[in-house]
Amino acid sequence: MNAPIDERCAHPACNCQTRVDDPYCSDYCRRMTERPGAHAGAPCECGHEACHQQHAHERRHPPQA
Ligand SMILES: [Zn+2]
Ligand SMILES: [Zn+2]
């Protein structure tokens, strides 16, 4: 069986999909995950438009009211 390709970025705040050979969608996410706490709770700024749209959606509809 073939492995699925829709891997999620390893950066907790990021919603991007990644390639199977890289756990992060960008160097930004790699740095953020290696240094948790520096930007704890901050929205992802990886630069991918779909990811930023997801954060904008969360601001209008917070997961917990
Ligand atoms: Zn992202
Ligand atoms: Zn990412």
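Residues numbered from 1 in each chain as written. Chains lettered and ligands numbered in written order. Predicted model: local features only at pLDDT ≥ 70, side-chain atom pairs only at ≥ 80, totals over all residues. Heavy atoms only, no water.

Q: Sorry, what's going on with the overall build of the protein here?
A: In terms of regular secondary structure, the protein is built from two helices and two strands. Reading the protein from its N terminus to its C terminus gives the helix and strand order β-β-α-α. For the protein, buried positions account for 23% of its 65 residues. Of the roughly 5200 Å² that the protein leaves accessible, carbon and sulfur atoms contribute 49%. (Helix = DSSP H or I, 4+ residues; strand = E, 2+ residues; numbered from the N terminus. Buried < 20%, exposed > 50% of the residue type's maximum accessible area, 1.4 Å probe, protein only. Areas by Shrake-Rupley, 256 points an atom, 1.4 Å probe, with all protein chains shown as cover.)

Q: Which parts of the structure should I look at to understand helix α1 (residues 27-34)?
A: Structural remark: α-helix, 3.6 residues per turn; residues separated by three or four positions point the same way. Every buried residue of α1 is listed here: Tyr28, Cys29 and Met32. Seen end-on, α1 carries its buried residues on one side only, within an arc spanning 95°. Away from its buried face, by an angle of more than 90 degrees, α1 presents the exposed residues Asp27 and Glu34. (Arc of directions from axis to C-beta.)

Q: Teacher, can you tell me more about the coordination of the zinc ion (ligand 1) here?
A: Octahedral metals with six donors have ideal donor angles of 90 or 180 degrees. Tetrahedral metals with four donors have an ideal donor angle of 109.5 degrees. Those protein atoms acting as donors to the zinc ion (ligand 1) are Cys14 (SG), Cys44 (SG), Cys46 (SG) and Cys51 (SG), and they sit at 2.4 Å. Around the zinc ion (ligand 1) sit four donor atoms, and with donor-metal-donor angles ranging over 97 to 126° the site reads as tetrahedral. Here the donor residues of the zinc ion (ligand 1) share one chain and are spaced in sequence as C-x29-C-x1-C-x4-C. Taken as an interatomic distance, the gap from the zinc ion (ligand 1) to the zinc ion (ligand 2) is 3.7 Å; cysteine 14 donates to each of them. Exposure remark for cysteine 46: the relative accessible area of 13% places this residue in the buried category. (Donors = N, O, S within 2.8 Å, 3.2 Å for Na, K, Ca; no water. Tetrahedral: all angles 85-135°; square planar, octahedral: opposite > 155°, others 65-115°.)

Q: Can you walk me through the coordination of the zinc ion (ligand 2) in this structure?
A: For the zinc ion (ligand 2), the protein coordination sphere consists of Cys9 (SG), Cys14 (SG), Cys25 (SG) and Cys29 (SG), at 2.3 to 2.4 Å. Of note is the zinc ion (ligand 2), whose four donor atoms meet at the metal with angles of 103 to 118° in an arrangement that counts as tetrahedral.

Q: Help me understand the nonpolar core, please; the structure alone is not making it clear to me.
A: Considering soluble globular proteins, one finds that nonpolar side chains tend to be buried as a cluster. Residues Cys9, Cys14, Cys16, Tyr24, Cys25, Tyr28, Cys29, Met32, Cys44, Cys46 and Cys51 constitute the largest nonpolar core, which totals eleven residues. A total of three residues in this core trace back to one element, the largest contributor, which is α1. (Core = buried A, V, L, I, M, F, W, Y, C linked by side-chain atoms within 4.5 Å.)

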